[in-house]
Amino acid sequence: MSFELPDLPYAYDSLAPYMSAETLEFHHDKHHNAYVVNGNKLLEESGLKGKSLEEVIVGSYNGGAVGGLFNNAAQHWNHVEFWNWMKPNGGGAIPGDLEKKLIEDFGSVDAFKDAFVQAGVTQFGSGWCWLVLGTDGKLQVTKTANGINPIATGEGTALLGCDVWEHSYYIDYRNARPDYVKAFVNDLVNWERVAELFEAAS
Ligand code: MN3
C-alpha cells in the first residue's frame with residue numbers, strides 16, 4: 001500500500017462562504033499532499049508497507065510517543081475523512097436515528113454542538129475535536145493533539161472530526177477559532193456521512 005491524495009469530493013469554491021476556495025487549495029493541495037508525499041517516503045523505510053492505513057496508524061502510535069510516520073499516516077486518514085465530513089449546503093437536518101442518539105447521550109443536539117465547539121476551542125495548539133461512538137456504546141466528544149485520532153487511541157469509532165490546526169481556518173477566520181468550529185458544525189457537516197458511519201459502527 002502507498003498513500004494517495006484523493007480529489008476533493010466537491011468543487012473548491014462550493015463550501016464558501018464558510019470555507020473558501022483559497023483555504024481548500026492550500027489545505028488539500030499543499031498540506032494534505034505533503035502528508036501523502038512524506039508519509040510514502042517514511043513508509044518505504046518502515047517495514048509496514050504491506051499494511052493497511054489503519055494498521056500503519058495503530059502500528060506506529062507507540063503509546064503516544066509518535067514520530068514522522070505516525071504523524072503523516074494519521075493526518076492522511078484524518079484529512080481523507082475530513083473532506084467527506086463536509087459538503088456544500090451542509091449542516092441542517094440530522095438523520096433520525098443519529099439525532100435520537102445525540103439527544104439520548106448529550107441531552108439535546110445543541111448540547112452536543114456546544115460540547116463539540118468547546119472541545120475544538122480548548123484544544124491547545126494544533127489538533128482535532130471529535131464525535132466518537134465509544135466502546136461503551138455511548139457518543140462522546142473528545143479532542144486530540146496534532147495528528148492523533150481515535151483509531152490510534154482506541155477510544156472508539158470516529159463519526160465526525162474537525163481540524164483545528166490554524167491552516168484550516170486562518171485565511172477565512174484569522175484567529176477566531178470559535179467562529180470556525182461553529183460554522184463547521186452548523187453549516188458544513190455532511191450529516192448523511194456521519195449517520196452512515198454511525199449505522200456501520202452500531
Ligand atoms: Mn489540516
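Note: the structure precedes this text.
These numbers come from a predicted model, not from an experiment.

(A) Seen up close, the pattern of salt bridges. Going through the model one piece at a time under the given rule, you end up with five salt bridges. Salt-bridge contacts for Glu44 lead to Lys49; the nearest nitrogen and oxygen are separated by 3.7 Å. Judged by its relative accessible area of 55%, Glu44 is exposed. Since its relative accessible area comes to 33%, Lys49 is described here as partly exposed.

(B) Region of the structure containing the side chain of Ser20. Residue placement: Ser20 occurs in the segment before helix H1 (21-46). Residue Ser20 is classed as buried on the basis of its relative accessible area, which comes to 18%. A distance of 3.1 Å separates a polar atom in the side chain of Ser20 from the backbone nitrogen of Thr23. Beyond its immediate stretch of four places on either side in the chain, Ser20 contacts Tyr12, Ile171 and Asp172.

(C) Broad picture of the coordination of the manganese ion. Taken together, His27 (NE2), His79 (NE2), Asp163 (OD) and His167 (NE2) make up the full set of protein donors to the manganese ion, lying 1.9 to 2.1 Å away. Donor residues for the manganese ion sit on one chain with the sequence pattern H-x51-H-x83-D-x3-H. Remark: Asp163 occurs in strand E3 (residues 156-163) and His79 occurs in helix H3 (residues 68-84); sequence separation between them is 84 residues. The burial state of His79 is the same as that of Asp163; both residues are buried.

Criteria and thresholds
- Residues numbered from 1 in each chain as written.
- Predicted model: local features only at pLDDT ≥ 70, side-chain atom pairs only at ≥ 80, totals over all residues.
- Heavy atoms only, no water.
- Salt bridge = Lys/Arg side-chain N within 4 Å of Asp/Glu carboxyl O.
- Buried < 20%, exposed > 50% of the residue type's maximum accessible area, 1.4 Å probe, protein only.
- Helix = DSSP H or I, 4+ residues; strand = E, 2+ residues; numbered from the N terminus.
- Polar contact = N/O pair within 3.5 Å; in protein donor to acceptor, adjacent residues only side chain to side chain.
- Contact = heavy atoms within 4.5 Å.
- Donors = N, O, S within 2.8 Å, 3.2 Å for Na, K, Ca; no water.

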